Amino acid sequence: MKTARIFAILVVASAIIPGITTAISFGEDGPFQIAHPYDIISAPAAGGERILWIESTPPPPFPDPGYYPGVPCAVYSYNTTAQTKTLIRSRATNARSPDIDGDLAVWEEERGSTTDIIFYNFSAGTVSALHTNGLQHNPRVSEYRIVWEEGFEGERRVWMYNTKDGKSYGISTGNTDCFSPDIEGNTVIWVEKNDPDVYSIVSRDLVSGRQFVLDTTSAAVCPRIDGGRVVWEDGGLIHLASNEEGVSILTAEPACRSGAIISDNIVAWSEDGRIICSDLLETKTTRIGKWHASMKPAILDEGIVWVEDDQSELSSILYQPILSRPHGDLQVASCPADISTTRGEQSGWMREGECSWYVLDVSTGTTQICLDFSWEDINESLSCTLICPGGTLFRFTDSDDEIMDARVRISLTSRSGIVPGRWYCAISGESVREEVQYSIIWYEYSGPEK
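In this text, all values refer to a predicted model and were calculated from it rather than measured experimentally. (Residues numbered from 1 in each chain as written. Predicted model: local features only at pLDDT ≥ 70, side-chain atom pairs only at ≥ 80, totals over all residues. Heavy atoms only, no water.)

Ranked by size, the top nonpolar core spans 27 residues in total, and within it Phe373, Leu382, Leu412, Trp423, Ile427 and Tyr438 carry the most contacts. Looking at this core, the elements that each hand over two or more residues are β33 (355-362), β34 (366-375), β35 (381-387), β36 (393-396), β37 (407-413), β38 (421-431) and β39 (436-446). Apart from residues no more than four positions distant in its own chain, Leu382 is found in contact with Met350, Phe373, Trp375, Thr397, Ile427, Ser428, Gly429, Glu430, Val432, Val436 and Tyr438. With 22 residues, the next largest nonpolar core counts Ile40, Tyr76, Val305 and Ile317 among its residues. (Core = buried A, V, L, I, M, F, W, Y, C linked by side-chain atoms within 4.5 Å. Buried < 20%, exposed > 50% of the residue type's maximum accessible area, 1.4 Å probe, protein only. Helix = DSSP H or I, 4+ residues; strand = E, 2+ residues; numbered from the N terminus. Contact = heavy atoms within 4.5 Å.)

Pasting the structure below:
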């Protein structure tokens, strides 16, 4: 037996995602609120375990001599693993269009009479400006490359900057208006305006120089690329294109749709004020978010993030984990009542609607973990939810160990080993009259199955 470490961390939501004792692909309810900004300027960006967004801030009551008119903004990031919010840049006038990939974050920002691309390195903690003679908009980043559109409408061009060699390159050719670029590895895509009513989605290979049209649209769209596939909205329909499979349509009927984005095999967009998540592998579509209030989705490695309007001057940024498929040999069962050795213990007080979070670090080689969760009053109802590093979610209530005694004793066992790393445990007050005290005891076992 090895000691598991358990630490109390910040309460981040008043409700918990309901789950079941087998894994599911998506959850319908209970997203986690990670920010409640003054005013969200643009769609959040997401990559890996990081979320990036820009919010406006109240103007200073007494501007300093260097202050000039414009919307004062701040740039923030959030780490879903560490559950920490970080202020990256406190003064960013009229900032827009954030994007993130790996260690690099980018956005556009007004500086004097022009607009420049700003990029931030998370590892180094440095902020740099990419300044040219033209107006720069809509930056996107992939590894060490940044692309953007530059110039006035009607004569825009797509450019690329290499952060390794510090050089800029013109990507689009010809005299057409080129804008809304995106990049993945060696592939750059953008939109070209051919005439007032026809737009083309163009793809260019940076190695071979091969360039071709993926499809044409009737409106100026904002295509996004991942895994060699491109998605966009046109005429209220979500389109998907790839070199191998051509163009297909993911939606049956036109609707009010926007913000289509793709990551791995997940496509997400906003539809009539809800977030739609489409699993391309299982051809499964799920709606999440608040009706008529959810918009601007982004996709992380293990979750969906979006903006939700709360019908006031403020909006929220919400995060919903994507729940992975079941582990093949993972067994969930009630555990014996006479577990003797304590490996980690916490306690607290809970009111109805509250949720307290804990971190549980599971060691490599662990084959069984046990949880003994109890509270002082059998007339109160509490629940306990576990989320493993892969996103699999398990939710337990008093009845799940077959005894109604204000106590839940559950074990998760796997012959091939429990997923190691940082697990999260959430205690939620389902039905509590006033306040109830609870305790958690955590066990970890390595060796042959018990």
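Still to come is the rest of the account.
Glancing now at the sheet that holds strand β8 (residues 96-101). One open sheet accounts for four strands, arranged β8-β9-β10-β11; its pairing is antiparallel. The open sheet has two edge strands, β8 and β11 (126-130), and neither has a second partner. Across the sheet, the mean angle from the axis of one strand to that of its neighbour is 25 degrees, orientation sign disregarded. Judged from the eight bridges that link them, strand β9 (residues 104-111) and strand β10 (residues 114-121) form a sheet pairing that is antiparallel. (Pairing = 2+ DSSP bridges. Axes fitted to C-alpha atoms, helices over the stretch in contact; angles between N-to-C directions.)

So, about the pattern of salt bridges. One pass over the full model with this rule turns up 16 salt bridges. Across the pair Glu354 and Arg351 runs a salt bridge whose closest N-O atoms are separated by 3.8 Å. Salt bridges here are not isolated pairs; linked through shared partners, they connect Asp99, Arg140 and Asp182. (Salt bridge = Lys/Arg side-chain N within 4 Å of Asp/Glu carboxyl O.)

This part takes up a negative patch on the surface. A grouping of Glu49, Asp264, Asp301 and Glu302 is seen on the molecular surface, where their side chains present a negatively charged patch. With respect to the helices and strands, the residue Asp264 is situated in the loop between β24 (257-263) and β25 (266-271). (Patch = residues over 30% accessible without salt bridge, like charges linked within 9 Å, V, L, I, M, F, W, Y side chains within 5 Å. Areas by Shrake-Rupley, 256 points an atom, 1.4 Å probe, with all protein chains shown as cover. Lys, Arg positive; Asp, Glu negative; His and termini not counted. Charge placed at Lys NZ, Arg CZ, Asp CG, Glu CD.)

Backbone geometry at Ser97 places phi at a positive 55 degrees, although glycine is not the residue there. Looking at the secondary structure, you find Ser97 in strand β8. With a phi close to 50 degrees, Asn138 is a non-glycine residue in the positive phi region. Assignment of secondary structure puts Asn138 in strand β12 (residues 136-142).

Mapped onto the fold, Glu150 is located in strand β13 (residues 145-150). Although Glu150 is buried, it makes no salt bridge; Arg157 carries the closest opposite charge, 10 Å away. Here Thr132 takes part through its side chain, which lies 3.0 Å from a polar atom of the side chain of Glu150. Among the polar contacts listed, one links the side chain of Glu150 to the backbone nitrogen of Gly134, at a separation of 3.5 Å. Beyond its immediate chain neighbours, meaning those up to four positions away, Glu150 contacts Thr132, Gly134, Leu135, Gln136, Glu155, Arg156, Arg157 and Trp159. (Polar contact = N/O pair within 3.5 Å; in protein donor to acceptor, adjacent residues only side chain to side chain.)

This next bit is on the sheet that holds strand β26 (residues 274-279). Pairing between sheet strands relies on hydrogen bonds along the backbone, with the strands arranged either parallel or antiparallel. On the basis of which strands lie adjacent, the open sheet formed by four strands has the order β24-β25-β26-β27 and antiparallel pairing. Taken across any chain shown, the strands that pair with only one partner, and hence form the sheet edges, are β24 and β27 (284-288). Sheet twist, expressed as the mean angle between neighbouring strand axes with direction ignored, is 20 degrees. Where β25 lies against β26, six bridges are found, and the strand directions are antiparallel. Counted as the bridge partner of Glu271 is Arg274 from β26.

Looking now at the packing of aromatic side chains. Within the structure shown, the criterion is met by seven aromatic pairs. Plain terms: the ring middles of Tyr120 and Phe122 are 5.0 Å apart, the flat faces sit at 85 degrees to each other, and that makes the pair edge-to-face. Grouping residues by exposure puts Tyr120 and Phe122 together as buried. A centroid spacing of 6.2 Å and a plane angle of 80 degrees characterise the contact between Trp357 and Tyr424, whose relative ring orientation is edge-to-face. Here Trp357, found in strand β33, pairs with Tyr424, found in strand β38; they are 67 residues apart in sequence, far enough to count as distant. Each member of the pair, Trp357 as well as Tyr424, carries the same accessibility label: buried. A connected cluster of aromatic rings, assembled from ring pairs, spans Phe373, Trp375 and Tyr438. Over the face of the ring belonging to Phe122 we find Arg50, whose NZ or CZ atom lies 4.1 Å from the ring centre. In this structure, Lys164 is placed above the aromatic ring of Tyr144, and the distance from its NZ or CZ to the ring centre is 4.3 Å. (Phe/Tyr/Trp six-rings, centres within 6.5 Å; stacked < 30°, edge-to-face > 60°. Lys NZ or Arg CZ within 6 Å of the ring centre and 35° of its normal.)

The next thing to look at is the pairing of β24. Extensive coverage of β24 is indicated by the burial of five of its seven residues. Looking at chain direction, β24 and β25 are connected through five bridges and run antiparallel. Bridging from a neighbouring strand, Ile262 pairs with Val267 of β25. In this antiparallel pair of consecutive strands, β24 and β25, the connection spans two residues, and Asp264 shows a positive phi of 55 degrees.

Read these as spatial facts, not as claims about activity.
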